[in-house]
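# Tertiary structure, described
So the chains spell out like this:
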Amino acid sequence: LAKTTQPISMDSYEGQEVNITCSHNNIATNDYITWYQQFPSQGPRFIIQGYKTKVTNEVASLFIPADRKSSTLSLPRVSLSDTAVYYCLVVPPTSGTYKYIFGTGTRLKVLA
Amino acid sequence: GAVVSQHPSWVICKSGTSVKIECRSLDFQATTMFWYRQFPKQSLMLMATSNEGSKATYEQGVEKDKFLINHASLTLSTLTVTSAHPEDSSFYICSARKMASGYNEQFFGPGTRLTVL
């Protein structure tokens with residue numbers, strides 16, 4: 001299981017772009033990189049998933065360099081409601097009972 | 001699609017009693033469900049993997065006789081905390097993997113806050 005490392009916490013101001021980097025040095029060839037968001041007292045919510053280069057959806061962008069040993073979640077123009085914990089996971093594409101192992105996550109605080 | 005619910009959303013019980021938490025996949029079938037526990041300011045910790053029609057697989061350090069898991073149908077898994085103690089107070093979250101899904105995506109429930117007095 002690939003281990004992930006993220007900064008414990010980050011602060012930002014409303015309207016700024018936030019980039020959260022995750023290290024996954026032992027990522028396997030077929031693993032995908034997946035990001036979840038969790039608000040207090042709620043279950044995690046899927047944000048974005050990618051394999052290489054860049055993926056963008058209506059919420060965020062995910063940048064993955066060629067060596068795939070790290071990835072960066074980019075949140076454009078954050079608002080106060082983006083204050084949450086963000087988790088990075090590496091996941092194989094298909095497996096009967098693959099277990100998600102959550103790391104520490106990054107606690108993002110957006111300030112007014 | 002892919003909605004997971006949990007019931008109850010919160011529960012308070014006395015020490016020594018048992019509490020059952022339900023996890024349901026509302027619009028899909030799930031052969032595999034997972035149970036996590038989360039203490040304040042900490043990450044999610046996987047407790048066990050629940051497979052429909054078979055025994056659950058527990059993570060190291062999780063007492064299977066204390067945390068009983070039943071996955072009796074393709075849409076329902078239950079976690080029973082037996083003889084609860086104050087140290088069992090935590091946020092319990094389930095997730096479900098879509099049956100026959102080609103991806104390892106898990107859909108998470110909203111969580112259940114357990115407080116043991």
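Coordinates for the structure precede this section.
Notes on the structure in this doc start here.

What counts as what
- Residues numbered from 1 in each chain as written.
- Chains lettered and ligands numbered in written order.
- Predicted model: local features only at pLDDT ≥ 70, side-chain atom pairs only at ≥ 80, totals over all residues.
- Heavy atoms only, no water.
- Pairing = 2+ DSSP bridges.
- Helix = DSSP H or I, 4+ residues; strand = E, 2+ residues; numbered from the N terminus.
- Axes fitted to C-alpha atoms, helices over the stretch in contact; angles between N-to-C directions.
- 1 Å grid on protein atoms, 1.4 Å probe; cavity = no way out; pocket = protein on both sides within 12 Å on 5 of 7 lines; lining within 4 Å.
- Points joined across faces, edges and corners; volume = space filled by probe spheres on them.
- Nonpolar A, V, L, I, M, F, W, Y, C, P; charged D, E, K, R; others polar.
- Salt bridge = Lys/Arg side-chain N within 4 Å of Asp/Glu carboxyl O.
- Buried < 20%, exposed > 50% of the residue type's maximum accessible area, 1.4 Å probe, protein only.
- Contact = heavy atoms within 4.5 Å.
- Buried area = accessible area lost by both parts, 1.4 Å probe.
- Polar contact = N/O pair within 3.5 Å; in protein donor to acceptor, adjacent residues only side chain to side chain.

This part takes up the sheet that holds strand E2 (residues 18-23) of chain A. Residues and elements named next belong to chain A. Here we have four strands laid out as an open sheet, ordered E2-E7-E6-E5, and antiparallel in their pairing. With partners counted over all chains shown, the strands left at the sheet margins are E2 and strand E5 (53-56), one partner each. Within this sheet the neighbouring strands show an average axis-to-axis angle of 15 degrees, counted without direction. Sheet topology note: the E2/strand E7 (residues 70-75) ladder contains six bridges and is antiparallel. When the bridges of E7 are listed, Ser23 appears paired with Ser70.

What follows deals with the layout of surface pockets. Looking at the largest pocket, its volume works out to about 340 Å³. Along its surface, the largest pocket is lined by 16 residues, and Phe39, Pro40, Ser41 and Arg107 of chain A together with Lys41 of chain B are the ones closest to its centre. Looking at side-chain class alone, the lining of the largest pocket contains eight nonpolar, five polar and three charged residues.

For the coordinates displayed, the defined rule picks out three salt bridges over all chains. Of the charged contacts, one joins Glu59 of chain B and Lys99 of chain A as a salt bridge, the two residues approaching to 3.1 Å between their closest N and O atoms. You can see Glu59 of chain B sitting in the loop between strand E6 (57-58) and strand E7 (67-73) and its partner Lys99 of chain A sitting in the loop between strand E8 (84-91) and strand E9 (106-111), one on each of two chains. A relative accessible area of 18% places Glu59 of chain B in the buried class.

Taken together, the contacts link 24 residues of chain B with 22 residues of chain A. The contact between chain B and chain A buries some 1,800 Å² in all, and 48% of this surface belongs to carbon and sulfur atoms. At the surface where chain B touches chain A, the tally comes to one salt bridge. The interface formed by chain B and chain A holds eight residue pairs in polar contact (both at pLDDT 80 or more) in total. For the side of chain B that touches chain A, the secondary-structure elements that each account for two or more residues are strand E4 (32-38), strand E5 (45-51), strand E9 (90-97) and strand E10 (106-108) of chain B. With four residues, E4 of chain B is the largest single contributor of residues to the side of chain B that touches chain A. By residue class, the composition of the side of chain B that touches chain A is nine nonpolar, 10 polar and five charged.

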